[in-house]
Amino acid sequence: MRKSISKMPKVILLVIVIINLSVIHTMLKGADNPITRQMEEVRDQIESENWQEAKKDVVKLHNLFEQKRWMLELFGPFEHVSVVKQDILVLIQEVNLEEKNDALITFTRIEGRLGEVVVW
């Protein structure tokens, strides 16, 4: 019985550490960052079929992605980053052609891939 009592503080400490790490991870995933904001702008413009603004916003998204790409490649799956780069180029073409459904499908694919990257 004495051994089980001495292990209890260690277990409590471990649970507290796990909970704190979980909260920190959730906060980092939900943190506002430029790529997420720009993606929301692009989605809003595509959904409302405001093609002039969508064309500008998707180019801004491409530029932001290129600025942050090195970090994404360093901390995320390299394959995902290269696929996202190609998908952004496809998205630019679809927005230029004003293809709403195709653009939204490509956008969702980009969003899913970027969701798998831990660090932005």
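Relevant structure appears above.
Calculation rules
- Residues numbered from 1 in each chain as written.
- Predicted model: local features only at pLDDT ≥ 70, side-chain atom pairs only at ≥ 80, totals over all residues.
- Heavy atoms only, no water.
- Helix = DSSP H or I, 4+ residues; strand = E, 2+ residues; numbered from the N terminus.
- Buried < 20%, exposed > 50% of the residue type's maximum accessible area, 1.4 Å probe, protein only.
- Contact = heavy atoms within 4.5 Å.
- Areas by Shrake-Rupley, 256 points an atom, 1.4 Å probe, with all protein chains shown as cover.
- Axes fitted to C-alpha atoms, helices over the stretch in contact; angles between N-to-C directions.
- Parallel < 35°, antiparallel > 145°, perpendicular 65-115°, else oblique.
- Left-handed = near helix turned anticlockwise from the far one by under 90°.
- Nonpolar A, V, L, I, M, F, W, Y, C, P; charged D, E, K, R; others polar.
- Patch = residues over 30% accessible without salt bridge, like charges linked within 9 Å, V, L, I, M, F, W, Y side chains within 5 Å.
- Salt bridge = Lys/Arg side-chain N within 4 Å of Asp/Glu carboxyl O.
- Expected span 1.5 Å × (residues − 1).
- Lys, Arg positive; Asp, Glu negative; His and termini not counted.
- Charge placed at Lys NZ, Arg CZ, Asp CG, Glu CD.
- Core = buried A, V, L, I, M, F, W, Y, C linked by side-chain atoms within 4.5 Å.

Asks: Got a minute to help me understand the overall build of the protein chain in this structure?
Replies: Helix and strand counts for the protein chain come out as five helices and zero strands. Listed by position from the N terminus, the elements making up the protein chain come as α-α-α-α-α. Split into buried and exposed, the 120 residues of the protein chain put 28% on the buried side. Long-range contacts, defined as pairs at least 24 residues apart, comprise 64% of the intrachain contacts of the protein chain with a sequence gap of at least 6. Surface summary for the protein chain: the accessible area is close to 8100 Å², and the carbon and sulfur share equals 61%.

Asks: Got a minute to help me understand the packing of helix α2 (residues 34-47) against helix α3 (residues 51-75) in this structure?
Replies: A packed helix pair is summarised by two numbers, namely the angle formed by the two axes and the spacing between the axes. Contact geometry for α2 and α3: axes closest at 9 Å, N-to-C directions at 160°. One finds that α2 runs roughly antiparallel with respect to α3. The chirality of how α2 crosses α3 is left-handed. Seen from α2, the contacting residues are Pro34, Ile35, Gln38, Met39, Glu41, Val42, Gln45 and Ile46; seen from α3, they are Trp51, Glu53, Ala54, Asp57, Val58, Lys60, Leu61, Leu64, Phe65 and Lys68. Among the residues forming the contact of α2 with α3, the class breakdown is 11 nonpolar, two polar and five charged.

Asks: Looking at this model, I keep getting lost on a nonpolar patch on the surface. Mind explaining?
Replies: Together, Met8, Val11, Ile12, Val15, Ile16, Ile19 and Val23 give the surface a local cluster of nonpolar side chains, amounting to about 600 Å² of exposed area. For Ile16, a relative accessible area of 43% gives the class partly exposed.

Asks: Any chance you could explain α3 here in plain terms?
Replies: Residues lying three or four places apart along an α-helix face the same way, a consequence of the helix completing one turn every 3.6 residues. End to end, α3 covers 33 Å across 25 residues, agreeing with the expected 36 Å (1.5 Å per residue, within 8%). Where the residues of α3 are buried, they touch α2, α4 (78-96) and α5 (100-115).

Asks: Quick question: what am I supposed to make of the environment of Gly115 here?
Replies: The residue Gly115 is located in helix α5 in this model. C-alpha of Gly115 to C-alpha of Thr36: the two residues are 79 residues apart in sequence and 10.0 Å apart in space.

Asks: What is the right way to read a negative patch on the surface from this model?
Replies: Where like charges cluster on the molecular surface, the negative patch consists of Glu40, Glu41, Asp44 and Glu47. With respect to the secondary-structure elements, Glu40 resides in helix α2.

Asks: What should I look at first to understand the nonpolar core in this one?
Replies: Across soluble globular proteins, you tend to see nonpolar side chains buried next to one another. Core analysis: the largest hydrophobic core is formed by 21 residues, its most contacted members being Ile46, Leu91, Val95 and Leu114. Among the elements of the structure, α2, α3, α4 and α5 are those that each provide at least two residues to this core. In terms of residue count, the dominant contributor to this core is α3 (seven residues).

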